[in-house]
Amino acid sequence: MPYNRITLTHFLLQDQRRLGGTGSFTGLVTDLIFACKMISREVNRGALAGNLGVAGSENIQGEEQKKLDVLSNEIFMHMNALGGAYAGMASEEMEHVSAIHGAGDGKYLLLFDPLDGSSNIDVNISVGTIFSILRLPEGASTIAEAAFLQKGVKQVAAGYALYGSSTMMVLTTGNGVNGFTLDQSIGMFMLTHPNMTIPADTQEFAINASRARFWEPPVKRYVDECLAGKEGPRGKDFNMRWVASMVAEVHRILCRGGVFMYPMDAENQAKGGKLRLMYEANPMAFIVEQAGGAASTGRQRILDIEPAKLHQRVPVILGSRNEVTRLVGYHSEHDSRR
Ligand code: P6P
């Protein structure tokens, strides 16, 4: 078979030449690649390396940290500080932002969830790393939280690593979405999923159905119509999935369509929702929109949200454009009757 695949690094260099870049961006993603490969190795070693189980600590979210949460965060912080491209970082696992000392002229900010879905680690279900890259605002003298509080539309790049049956990186720099599979034998990510595109329609939805008693009427209406199948108002049967790992859900949607919902509900309303805006919803919304899908809170485009706090939470509905549009329509119908 002719060996004609290209590596992620070569893909970025082609992108850089096409966009007339200086190479600093390519360097920045190269550090991310190393970090994700190291996390993939630790995830794959699992019990053999004593990496499973809890770390005996809590993160800023009040969630019990797994050993791999802490290790993945350390790997991401260390590996991405070495290149000097970043002026600062923010992590789901850390209460405050972190300035990269000696970063010289670091022009970018890195936000990440180092190991999303880690409740699945001990039962060997896919987990992932989610990252978002912003520019350091002009004239920013100190690296304070305010520098990170930029709308999702300001992202320079976003992506995720999926530690599943194979390890993949999926990345957008604002010119579409491309997927790369790690060839473990040579330690290189190879382009395997060029120009990933989400079908506008679907027959598959993802939601944690155990929360049905908390759902708002528009969400309940949407799910009930899906469950009614071809005899119902949708005139077609639907399938349901729930992995409890956002990276796995989003990847499935990029590959075959679908809609993912973690809506605002009666129980999480006080916190604003479940998923975090800056390092879960925004990067995934950027990727999904770049692949032709849509991403909304149900009432607002996620990428237009003006952030107020680093760890703020938002409702998330994303995936096949026509399904998201339908559910947003149900929300506005409901709200107009209030
Ligand atoms: P639940 C993982 O903790 C996460 O942040 C997402 O990856 C996932 O979609 C969601 O929470 C799962 O939430 O309530 O089903 O455990």
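None of these values were measured; they are calculated from a predicted model.

Engineer: Sorry, what's going on with the pairing of strand S1 (residues 54-58) here?
Structural biologist: Put simply, side chains in a regular strand alternate between the two faces of the sheet. Two elements, S1 and strand S2 (residues 64-66), share 2 bridges in a ladder whose sense is antiparallel. Bridge pairing in S2 links Val54 to Lys66. Hairpin remark: S1 followed by S2, antiparallel, with 5 residues in the connecting loop; positive phi at Gly62, about 75 degrees.

Engineer: Is there a simple way to explain the sheet that holds strand S12 (residues 239-241) in this structure?
Structural biologist: Hydrogen bonds between backbone groups are what pair the strands of a sheet, and the pairing can be parallel or antiparallel. Read across the sheet, 5 strands follow the order S12-S11-S13-S17-S15 without closing on themselves; strand pairing throughout is mixed. The open sheet has two edge strands, S12 and strand S15 (294-296), and neither has a second partner. Here the strands of the sheet are splayed against their neighbours by 15 degrees on average, with no regard to which way each runs. As judged from the 2 bridges shared by strand S11 (residues 204-206) and strand S13 (residues 259-262), these two strands associate in the parallel manner. Its bridge partner being in S13, Ala206 is matched across the sheet by Phe260. Against the sheet, helix H8 (residues 321-336) engages S13, S15 and strand S17 (316-319), with an angle of about 150 degrees to S17.

Engineer: What is the right way to look at the UniProt feature "binding site: Mg(2+) 2" (unreviewed entry) in the protein chain in this model?
Structural biologist: Under the local residue numbering, the UniProt record ascribes the feature "binding site: Mg(2+) 2" (unreviewed entry) to Asp113, Asp116 and Glu280. A maximum C-alpha distance of 8.6 Å among these annotated residues, which run over 168 residues, shows that they cluster at one spot. Its location among the elements puts Asp116 in strand S5 (residues 108-116). Looking at Asp116, the relative accessible area reads 7%, which means it is buried. Setting aside anything within four residues of it in sequence, one finds Asp116 in contact with Val127, Gly128, Ile130, Ser245, Met246, Val247 and Glu280. Structurally, Glu280 can be placed in helix H7 (residues 277-290). Setting aside residues no more than four positions away along its own chain, Glu280 makes contact with Glu92, Asp113, Asp116, Ile130, Met246 and Leu275. A distance of 2.7 Å separates a polar side-chain atom of Glu280 from the backbone nitrogen of Arg276.

Engineer: Teacher, can you tell me more about the site of the ligand here?
Structural biologist: Asp116, Asn208, Trp242, Met246 and Tyr262 are the nearest of the 13 residues found near the ligand. Separating an oxygen atom of the ligand from a side-chain N or O atom of Asp116 is a distance of 2.6 Å. In the environment of the ligand, an oxygen atom lies 2.8 Å from a nitrogen or oxygen atom belonging to the backbone of Met246. For the shell around the ligand, the secondary-structure elements that each account for two or more residues are S13 and strand S14 (275-276). Classifying every residue of the shell around the ligand by side-chain character gives 6 nonpolar, 3 polar and 4 charged.

Engineer: Please clarify how the pattern of salt bridges should be interpreted in this entry.
Structural biologist: Should the charged atoms of two oppositely charged side chains come close, the side chains can pair. The full count for this structure, using the stated rule, is 19 salt bridges. Across the pair Arg256 and Glu204 runs a salt bridge whose closest N-O atoms are separated by 2.8 Å. Within this pair, whereas Arg256 is found in helix H6 (residues 246-256), its partner Glu204 is found in strand S11, the two being separated by 52 residues in sequence. Judged by relative accessible area, which is 47%, Arg256 ranks as partly exposed.

Engineer: Explain the nonpolar core to me, please; I cannot follow it from the model alone.
Structural biologist: Nonpolar side chains tend to gather and get buried jointly when the protein is soluble and globular. Ranked by size, the top nonpolar core spans 45 residues in total, and within it Tyr160, Leu254, Phe260, Met284, Val316 and Leu318 carry the most contacts. When residues of this core are assigned to their parent elements, the largest contribution, 9 residues, is made by H7. When sequence neighbours within four positions are dropped, the list of residues in contact with Tyr160 reads Thr129, Ile130, Phe131, Met168, Met169, Val170, Val247, Val250, His251, Leu254, Met284 and Ile287. With 40 residues, the next largest nonpolar core counts Ile33, Val43, Leu110 and Ile133 among its residues.

Engineer: Can you walk me through the sheet that holds strand S6 (residues 127-135) in this structure?
Structural biologist: The sheet built from 8 strands is open, its strands ordered S4-S3-S5-S6-S7-S8-S9-S10 with mixed pairing. Lying at the two open borders of the sheet, with one neighbouring strand each, are strand S4 (98-99) and strand S10 (188-193). Pairing of strand S9 (residues 177-183) with S10 involves 5 bridges; the strand directions are antiparallel. Bridging from a neighbouring strand, Thr181 pairs with Met190 of S10. Running at roughly 155 degrees to S5, helix H3 (residues 67-82) makes contact with strand S3 (86-91), S4, S5 and S6 of the sheet. Contacting S3, S5, S6, strand S7 (157-163), strand S8 (167-172) and S9, H7 crosses the sheet at an angle of about 85 degrees to S6.

Engineer: I keep staring at the packing of aromatic side chains and nothing clicks. Help me out?
Structural biologist: The relative placement of two aromatic rings is captured by the distance of their centres and the angle of their planes. Enumeration according to the criterion identifies 5 aromatic pairs in this entry. Pairing Phe11 with Phe180 gives two aromatic rings, centres 5.2 Å apart and planes at 70 degrees, and the pair type is edge-to-face. Of this pair, Phe11 sits in helix H1 (residues 8-19) while Phe180 sits in strand S9, and the two are 169 residues apart along the sequence. Both residues of the pair, Phe11 and Phe180, count as buried. Ring centres of Trp242 and Tyr262 lie 5.9 Å apart, and the angle between their planes is 55 degrees; on these two criteria the pair is classed as tilted. With Trp242 in the loop between S12 and H6 and Tyr262 in strand S13, this pair connects stretches of sequence that are 20 residues apart. Joined through ring pairs, the aromatic side chains of Trp242, Phe260 and Tyr262 make up one cluster. Sitting above the plane of the Tyr330 ring, Arg221 keeps its charged end 3.6 Å from the centroid.

Criteria and thresholds
Residues numbered from 1 in each chain as written. Predicted model: local features only at pLDDT ≥ 70, side-chain atom pairs only at ≥ 80, totals over all residues. Heavy atoms only, no water. Pairing = 2+ DSSP bridges. Helix = DSSP H or I, 4+ residues; strand = E, 2+ residues; numbered from the N terminus. Axes fitted to C-alpha atoms, helices over the stretch in contact; angles between N-to-C directions. Contact = heavy atoms within 4.5 Å. UniProt positions renumbered as here; feature names shortened; annotations may be inferred. Buried < 20%, exposed > 50% of the residue type's maximum accessible area, 1.4 Å probe, protein only. Polar contact = N/O pair within 3.5 Å; in protein donor to acceptor, adjacent residues only side chain to side chain. Near = heavy atom within 4 Å. Nonpolar A, V, L, I, M, F, W, Y, C, P; charged D, E, K, R; others polar. Salt bridge = Lys/Arg side-chain N within 4 Å of Asp/Glu carboxyl O. Core = buried A, V, L, I, M, F, W, Y, C linked by side-chain atoms within 4.5 Å. Phe/Tyr/Trp six-rings, centres within 6.5 Å; stacked < 30°, edge-to-face > 60°. Lys NZ or Arg CZ within 6 Å of the ring centre and 35° of its normal.

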